[in-house]
Amino acid sequence: MKKLLLAFTLFIFGISLSQSLPKFENDTLTTSTGFKVYEGLDLKIGTGSMNDGDFKFIRTNASSLFNYSSTTGYQGLANQANSFRRNNSGLTFKVKKVMPRGNKKNGYVYYVKIGSGLINYEMDIENAIKSGEIIIPDEFMPKEKSQVQSSETKYDKLKKIKELKDAGVLSEEEFQKEKDKIMNEK
């Protein structure tokens, strides 16, 4: 029971530090980091995140005539066959469309359609940002969990762990370890 209560407390604390969900309104997508994506926006391409330098989260649009759909050819790797090529790094592409996919019950994934000429590409925008496949201003880069600042003070944290100790969730030894961690924070 003690471990369950501690896990629940840490889970709730972790949720409070997480970034917000993406939001799609009036043909503009606000990503989880606050970056706004809309039709006509110029996106600068970063570096591909696959081992060979190709792009994992930017690939040939599924409805494109150039989409490769065989699961037996290309070593059975259709996603790799459709990946955006590494020679596009550093180029700029205009957003043609923002496309939410999914439903309210299961959630949405947001894709951005980019391209030039006949070939269109779709980009999983959230993952492209996280992996560095597109370059965005630093202020909209995802924050590492260790970089996210909590508004909770040391004293608030000490009070919480004291309450957990008093409730019997933490032993004296566990309490002292947590207390030492909190006191050593900068």
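Before reading on, note that the structure itself is shown above.
Residues numbered from 1 in each chain as written. Predicted model: local features only at pLDDT ≥ 70, side-chain atom pairs only at ≥ 80, totals over all residues. Heavy atoms only, no water.

Enquirer: With reference to specific residues and values, describe the nonpolar core.
Expert: Core analysis: the largest hydrophobic core is formed by 23 residues, its most contacted members being V37, L43, I58, I114, M123, I125 and I134. When contributions to this core are tallied by element, the ones reaching two or more residues are β4 (42-45), β6 (92-103), β7 (107-116), β8 (119-124) and α3 (125-131). If we skip the residues at most four places from it in the chain, I114 touches I45, I58, F84, F93, K94, V95, K96, N120, Y121 and M123. Residues L158, L170, F175 and I182 belong to the second largest nonpolar core, which totals 7 residues. (Core = buried A, V, L, I, M, F, W, Y, C linked by side-chain atoms within 4.5 Å. Buried < 20%, exposed > 50% of the residue type's maximum accessible area, 1.4 Å probe, protein only. Helix = DSSP H or I, 4+ residues; strand = E, 2+ residues; numbered from the N terminus. Contact = heavy atoms within 4.5 Å.)

Enquirer: Could you give an account of the sheet that holds strand β5 (residues 58-60), with specific residues and numbers?
Expert: With respect to topology, 6 strands assemble into an open sheet ordered β5-β8-β7-β6-β4-β9, the strand pairing being antiparallel. With partners counted over all chains shown, the strands left at the sheet margins are β5 and β9 (134-135), one partner each. As judged from the 3 bridges shared by β5 and β8, these two strands associate in the antiparallel manner. Paired with R59 across the strands is E122, a residue of β8. (Pairing = 2+ DSSP bridges.)

Enquirer: Explain the pairing of β6 to me, using residue names and the numbers behind them.
Expert: In the sheet, β4 pairs with β6 via 3 bridges, with the strands oriented antiparallel. Note that in β6 the partner of K44 across the bridge is T92. As defined by bridge partners, β6 adjoins β7 across 8 bridges and the pair is classed as antiparallel. Looking across to β7, one finds that N103 is bridged to G107.

Enquirer: Which residues make up the side chain of N120, and what values do they have?
Expert: Note that N120 resides in strand β8. Note on N120: relative accessible area 16%, which makes it buried. Only 2.7 Å separates the side chain of N120 from the side chain of K96, close enough to count as a polar contact. (Polar contact = N/O pair within 3.5 Å; in protein donor to acceptor, adjacent residues only side chain to side chain.)

Enquirer: Report on the packing of helix α4 (residues 154-166) against helix α5 (residues 172-184), specifying residues and quantitative values.
Expert: Across the interface, α4 lies against α5 with an axial gap of 10 Å and an inter-helix angle of 175°. Regarding the angle of α4 to α5, the classification is roughly antiparallel. Facing α4, whose interface residues are K154, K157, L158, I161, K162 and K165, α5 presents E172, F175, E178, K179, I182 and M183. Across the contact of α4 with α5, the residue classes tally to 5 nonpolar, no polar and 7 charged. (Axes fitted to C-alpha atoms, helices over the stretch in contact; angles between N-to-C directions. Parallel < 35°, antiparallel > 145°, perpendicular 65-115°, else oblique. Nonpolar A, V, L, I, M, F, W, Y, C, P; charged D, E, K, R; others polar.)

Enquirer: Break down the environment of E172 for me, with residues and values.
Expert: Counting through the fold element by element, E172 comes out in helix α5. Note on E172: relative accessible area 42%, which makes it partly exposed. Here the alpha-carbon distance between E172 and K162, two residues 10 residues apart in the chain, equals 9.9 Å.

Enquirer: Would you mind going over the sheet that holds strand β2 (residues 28-30) in detail, with residue names and values included?
Expert: Across the sheet, which stays open at both edges, the 3 strands sit in the order β1-β2-β3 with antiparallel pairing between neighbours. Edge positions in the sheet fall to β1 (23-25) and β3 (36-38), since each of these pairs with one other strand and no more. On average, each strand axis in the sheet is inclined to that of its neighbour by 20°, with strand direction left out of account. Of the pairings in the sheet, the one linking β1 to β2 comprises 3 bridges and is antiparallel in character. When the bridges of β2 are listed, K23 appears paired with T30.

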